[in-house]
Amino acid sequence: MKGKTFESLRDKLGPALASFSENVVVKSIQRGFMATIALLIIGGMATLLASPPGSAETASGIMLLWHNFATTFATPLSAISFATMDTLSIWTLIGITYVLATSLDQDPVSNIFGAGTLFFVFTYTPVDGGISARYFGSMGLFTAMVVAIVSVYMIKFLIDKNVTIHFPDSVPDMVARPFKALVPAVIIIIFGVCINGILGMFEMNFPTLIVAIFKPLVQFTDSFVGVLIIAFMVHFLWSLGIHGGAVVMPIAMPIMVRNAAENMEKISAGLEPTNIFTVGFYGAFIMPLIGMVIAMLIVGRSVHIRTVAKMGLVPMIFNITEPVGFGAPVVLNPPLAIGRIVAVIFSTTVGYFAMASGFFALPSFQVPMMIPGFAGLFLSTADWKTVVLWFIVTAVVTVIYIPFVKAYDYQLLKQEKQDEIEAAEAEKKNDMIAAGAQEV
């Protein structure tokens, strides 16, 4: 495949994908979910500390200290878990609502109140002694996402149509604003109650309906084929010069956050996690570009390749791919682009089936994307065996990259040699001109 073919694909796909990634709703969903990452990390640490492996009766040394710590601080660790993971849907609702309302030039505070009210109307489930909080955690994430979008657009529509209370200009804005939001809030509540009534006729509630709608997508994206398609699309689009993450992440991030939160909830309950596709998996196996840099350092002979590899090595360790992606470049460069796609197919395949085998712990705890792959995999699984797996996969990925790097390096060496010849001829020509001028 020639570079012109890559450019043709970019020109055809680029506008539509750029329009999707820049859509205000898509960006709000992505930013809203990204805002919860810090809470998931904190909640994951609390869950890990509260869930030591094995039993206290058979533990010794450090493991016994861990069990004692978990027992002594069970209450504060549970409080942290509740404040982060168990209420994740509420925080996600606030994040998406704030970003979307701000993007549409709406008042974020009144929109958050409206979205929150509608969310609680939909998720209200009375139990003996109070209400159930089952939809405040991972089970309510998609409900929170839908409610945030619906409520913001409903409020915007009502305000744009002047379905609100109006005050003279002499009334201060801080006094008028709460009353301006009153009518839309009442209409939203009535809307929620009516939806509940209709769904109740079918013995359903709104969160159950939303879970049923999103269930096929969740199951597909956590399957091998789904994960492989996501991995392929990220790197294929990058190869065309399109930001693959910006296109894929609005779809993948809610799934990964939901999967990680559900895994942590299961661990807290003493159950085995079941979801493979999380941020920990993504950072470890879908971002294998470190192998490209190592291959460049091993077989690269051209000045360009070696310079890019040396400059990009440290950023690449921390999953910052742009210096190599644009410096090599990988973008619109068939040898490296094809190598990148082949490598990610291998690493994703091995990583997925290794996790599915049951020999390795699943990546359940939320980790920052900007930490080295082996460290992120260990922190997300608490399993030292996954570190060995990461280094094995990286070694094989490096070998996969070598022929592709050598092919591109050969082109660069030819070009550098041609440049040297041309530079020498130019210098010789300049010397001849200078000598002729001296004779004159």
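This text goes with the structure placed above it.
Read on for a plain summary of the structure. Here the structure is a predicted model, which is why all the values come from computation and not from measurement.

**Notes on the packing of helix 12 (residues 224–239) against helix 18 (residues 334–356)**
Item 1. Interhelical geometry of helix 12 versus helix 18 gives an angle of 160 degrees and a closest axis separation of 9 Å. Judged on the interaxial angle alone, helix 18 and helix 12 are roughly antiparallel. As helix 12 runs across helix 18, the sense of the crossing is right-handed. Contacts between helix 12 and helix 18 involve Phe224, Val227, Leu228, Ala231, Phe232, His235, Phe236, Trp238 and Ser239 on the former and, on the latter, Ala337, Arg340, Ile341, Val344, Ile345, Thr348, Thr349, Tyr352 and Phe353.

**Details of a nonpolar patch on the surface**
Item 1. On the surface, a nonpolar cluster with roughly 470 Å² of combined accessible area is contributed by Phe220, Val225, Ile229, Phe232, Met233 and Ile345.
Item 2. Per element, the largest residue contribution to the nonpolar patch is 4 residues, and it comes from helix 12.
Item 3. Tracing the backbone through its elements, the reader meets Met233 in helix 12.

**Some details on unusual backbone geometry**
Item 1. A positive phi is found at Glu203, a non-glycine position, where the angle reads about 55 degrees.
Item 2. Take Glu203: its relative accessible area is 78%, and that puts it in the exposed class.
Item 3. The backbone of Ala382 sits at a positive phi, close to 60 degrees, despite the residue not being glycine.
Item 4. Summarising the element assignment, Ala382 is placed in the loop between helix 19 (373–381) and helix 20 (385–439).

**Side note on the nonpolar core**
Item 1. Grouped together as the largest cluster of nonpolar side chains are 93 residues, with contacts concentrated most on Phe277, Phe281 and Met296.
Item 2. Among the elements that make up this core, the one with the highest residue count is helix 8 (residues 141–160) (11 residues).
Item 3. Membership of the second largest hydrophobic core comes to 6 residues, among which are Phe236, Leu237, Leu240 and Ile341.

**Things to note about helix 16 (residues 303–317)**
Item 1. The terminal C-alpha atoms of helix 16 lie 22 Å apart, and with 15 residues this matches the ideal 21 Å at 1.5 Å per residue to within 8%.
Item 2. Of all the bends found along helix 16, the most pronounced is centred on Met311 and spans about 35 degrees, while Pro315, a proline, follows it within four residues.
Item 3. For helix 16, the complete set of buried residues consists of Ile305, Val308, Ala309, Gly312 and Met316.
Item 4. Residue Asn319 follows helix 16 closely and has a positive phi angle near 60 degrees.

Quick notes on the rules
In this convention, every chain numbers its residues from 1, walking through the sequence in written order. Under the rules for a predicted model, residues below a pLDDT of 70 receive no local features and side-chain atom pairs below 80 are neither given nor counted, while totals for whole chains, interfaces and linings still include all residues. Processing note: side-chain calculations cover all non-hydrogen atoms of the structure and skip hydrogens and water entirely. Lines fitted to C-alpha atoms define the axes, with helix axes restricted to the stretch in contact, and inter-axis angles between N-to-C directions lie between 0 and 180 degrees. Working definition: helices are DSSP H or I runs of at least four residues, strands are E runs of at least two. Numbering for both runs from the N terminus. To sort the angles, those under 35 degrees are grouped as roughly parallel, those over 145 as roughly antiparallel, those from 65 to 115 as roughly perpendicular, and the leftovers as oblique. By convention the crossing between two helices is left-handed if the near helix lies anticlockwise of the far one by an angle smaller than a right angle, and right-handed if it lies clockwise. Any two residues having at least one pair of non-hydrogen atoms within 4.5 Å are treated as being in contact. Patch membership requires over 30% relative accessible area and the absence of a salt bridge. Like charges are linked within 9 Å, and nonpolar side chains (Val, Leu, Ile, Met, Phe, Trp, Tyr) within 5 Å. Using the Shrake-Rupley algorithm and a 1.4 Å probe, accessible areas are obtained, with residue cover drawn only from the displayed protein chains. Salt bridges are counted wherever a side-chain nitrogen of Lys or Arg sits within 4 Å of a carboxyl oxygen of Asp or Glu. Accessible area is worked out with a 1.4 Å probe on protein chains only. A residue is then buried under 20% of its type maximum, exposed over 50%, and partly exposed in between. Here, nonpolar core means buried Ala, Val, Leu, Ile, Met, Phe, Trp, Tyr and Cys residues that are tied together by side-chain atoms lying within 4.5 Å of each other. Given the number of residues in a helix, its expected span is that number minus one, multiplied by 1.5 Å. Bend is the name given here to the angle between axes fitted to two runs of seven residues, the run ending at a residue and the run starting at it.

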